[in-house]
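Okay, here's what each chain looks like letter by letter:
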Amino acid sequence: MSHLNETHDPSLKSWVSSANEADNGFPIQNLPYGVFREKGSSEPFRIGVAIGNKVLDLTTLAGLQPWSGKAAEALEACKAGKLNTLMALGSTHWSALRLELSRALRQGSSLQATLEPLLVERSAVEHDVPAQIGDYTDFYISIHHATAVGKQFRPDNPLLPNYKWVPIGYHGRASTIGVSGQTFPRPVGQTRPAGEGAAPNFGPCQRLDYELELGIFVGTGNAQGQRIDIDDAESHVFGLCLLNDWSARDIQAWEYQPLGPFLSKNFASTISPWIVTLEALAPFREPFKRPEGDPQPLPYLHSEANSAAGAFGVELEVLMTTEQSRRQGVEPARLSTSNFRDAYWSVAQLLAHHTVNGCMLQPGDMLGTGTLSGPAEGAQASLLELTTNGQRPITLPWGEQRTFLEDHDEIILRARCSKSGYPTISLGECAGTVLPAI
Ligand code: MN
């Protein structure tokens, strides 16, 4: 089975010259979707596709009706200010639109003169959350993260017995999901008292953390009571973005039993503005494998296609700036690097599991992967792991130390897919800054 088509041809070049620059990240093979408007304006947001250093305005292009058939129907859905209508159309429509966009943006296209006036500089726009997110679920699919965190609480038995059988998750909150550039006040709440039986403390969170994750946007949903089969699951997925699941560890430690995270997670979550489609990620598919000796997934979580190509090689990194580093004008510090390929569960398995009981997913729903830590040293994708729950401070290149986040600290997540002979596909950037508690 091949997931590749003419839009993945690595030799394709665009008449948008910046798209052809090595490592631009937004070549003609990428074509991610987002919503944008002129920076600082109060215009309604429009749907756009990123190409090189530009954004192509699809909302305006839709009015010009350049295409017919499914691509025209998909483009018509881009007249909205959010991607949900396009998401609901389904994968054949998404592919048809991608194919026409690829052809129209290629060198020599007869549509160049039509499209040129609809380009704006990416640096001149601001974004909103690209879809109306009805529901948000956060999973826990890095066994390296789960083991490292488990070790802190249960040194002899770090991984709970369900981990290798059930994709663990909890229902999060969509209302406080914001787009890159988001700022938020340090959360305030109850934290664990020092002595047995003591009353809890109340005040600003002292152990504020980030979590490097990917967000999986659901395209087409399912009716309540009807499960999504694993073989069909990927056709329901619109694409991926970066996600920072900001976490108040001290609030979490006190509140999480017995129903899981609540106020420790729902004060802010930040995503990157561009959704890279699953189709654009096809060249970076990899076999999905279980380590030797681990249980194989139950039948509803197993398929030949998933085993053959259900994982994705996505390189991830976390960077940090502080008030001091920005004042000094020094480069952001790199805190970790990891890869999505090291996750214990695949995208298809998450959808199959989420709906196996008949739970309904809807266009624009987002599934978080959970913290994507890797097996190696330097691949710990949260401060909880990097500092062993605050016991071992890290020293930043400009001399400051951190156990957890301080006010005005900024976390920047980045992701890219690269391999020899193929243009680099960027997922862009997801930045957010902690403000003082109010
Ligand atoms: Mn999380």
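Residues numbered from 1 in each chain as written. Predicted model: local features only at pLDDT ≥ 70, side-chain atom pairs only at ≥ 80, totals over all residues. Heavy atoms only, no water.

Visitor: Looking at this model, I keep getting lost on the coordination of the manganese ion. Mind explaining?
Guide: Each pair of donors in an ideal octahedron of six around a metal sits at 90 or 180 degrees, and each pair in an ideal tetrahedron of four sits at 109.5 degrees. Looking at the manganese ion, one finds its protein donor set to be D138 (OD), E211 (OE), E213 (OE) and D245 (OD), positioned 2.1 to 2.2 Å from the metal centre. Of note, the donors binding the manganese ion are all from one chain and are spaced D-x72-E-x1-E-x31-D. Taken together, the residues span a long stretch of sequence, with E211 in the loop between β12 (208-209) and β13 (212-218) and D245 in the loop between β14 (237-244) and β15 (247-248) at a distance of 34 residues. For the residue pair E211 and D245, the accessibility class agrees, reading buried in each case. (Donors = N, O, S within 2.8 Å, 3.2 Å for Na, K, Ca; no water. Helix = DSSP H or I, 4+ residues; strand = E, 2+ residues; numbered from the N terminus. Buried < 20%, exposed > 50% of the residue type's maximum accessible area, 1.4 Å probe, protein only.)

Visitor: Would you mind going over the sheet that holds strand β20 (residues 315-321) with me for this structure?
Guide: Pairing between the strands of a sheet is mediated by backbone hydrogen bonds and can be parallel or antiparallel. Strand order in this open sheet of five strands is β9-β26-β25-β20-β21, and the pairing throughout is mixed. In the strand order of this sheet, the two ends are held by β9 (182-185) and β21 (333-339), each with one partner. Each strand of the sheet is rotated relative to its neighbour by a mean of 20°, with strand direction disregarded. The sheet contact formed by β20 and strand β25 (residues 410-419) spans seven bridges and is antiparallel. (Pairing = 2+ DSSP bridges. Axes fitted to C-alpha atoms, helices over the stretch in contact; angles between N-to-C directions.)

Visitor: What is the right way to look at the nonpolar core in this model?
Guide: One recurring pattern in soluble globular proteins is that nonpolar side chains are buried together. One finds Y210, W246, L316, L335, F340, L405 and I411 to be the most contacted residues of the largest nonpolar core, which totals 67 residues. Excluding residues within four positions of it along the chain, L335 makes contact with Y210, V318, L319, M320, G378, L386, I394, L396 and I411. With 49 residues, the next largest nonpolar core counts W15, L58, I177 and I275 among its residues. (Core = buried A, V, L, I, M, F, W, Y, C linked by side-chain atoms within 4.5 Å. Contact = heavy atoms within 4.5 Å.)

Visitor: Looking at this structure, how should I read the packing of aromatic side chains?
Guide: When we look at a pair of aromatic rings, we describe it by the centre distance and by the angle of the planes. Evaluation of the coordinates by the stated rule reveals eight aromatic pairs. Residues F284 and Y422 carry aromatic rings whose centres are separated by 5.4 Å and whose planes lie at 85° to one another, so their mutual orientation is edge-to-face. With F284 in the loop between β17 (276-277) and β18 (285-286) and Y422 in strand β26 (residues 422-435), the pair connects residues that are 138 residues apart, well separated along the chain. On the accessibility criterion, Y422 (11% relative accessible area) is buried. These aromatic residues form a ring-pair network of at least three members: Y140, Y163, Y344 and W345. Positioned above the aromatic ring of W345 is the side chain of R290, whose terminal nitrogen or guanidinium carbon lies 4.3 Å from the ring centre. Of note, K419 hangs over the ring of Y422, and the distance from its end group to the ring centre comes to 6.0 Å. (Phe/Tyr/Trp six-rings, centres within 6.5 Å; stacked < 30°, edge-to-face > 60°. Lys NZ or Arg CZ within 6 Å of the ring centre and 35° of its normal.)

Visitor: How should I be thinking about the side chain of N84 in this particular structure?
Guide: Relative to the elements of secondary structure, N84 occurs in helix α3 (residues 84-89). The exposure class assigned to N84 is buried, which follows from its relative accessible area of 17%. Setting aside chain neighbours within four positions, we find N84 in contact with A131, Q132, P363 and G364.

Visitor: Just to check I follow, could you spell out the pattern of salt bridges for this structure?
Guide: One side chain can pair with another of opposite charge once the charged atoms of both are near each other. Enumeration according to the criterion identifies 22 salt bridges in this entry. With a closest N to O distance of 2.9 Å, D209 and R249 form a salt bridge. Here R249 lies in helix α8 (residues 249-255) and D209 lies in strand β12, a separation of 40 residues in the sequence. The exposure classification of D209 matches that of R249, with both residues buried. Between E286 and R341 there is a salt bridge, with the nearest N and O atoms lying 2.7 Å from each other. With E286 in strand β18 and R341 in the loop between β21 and α11 (347-355), this pair connects stretches of sequence that are 55 residues apart. For R341, a relative accessible area of 42% puts it in the partly exposed group. (Salt bridge = Lys/Arg side-chain N within 4 Å of Asp/Glu carboxyl O.)

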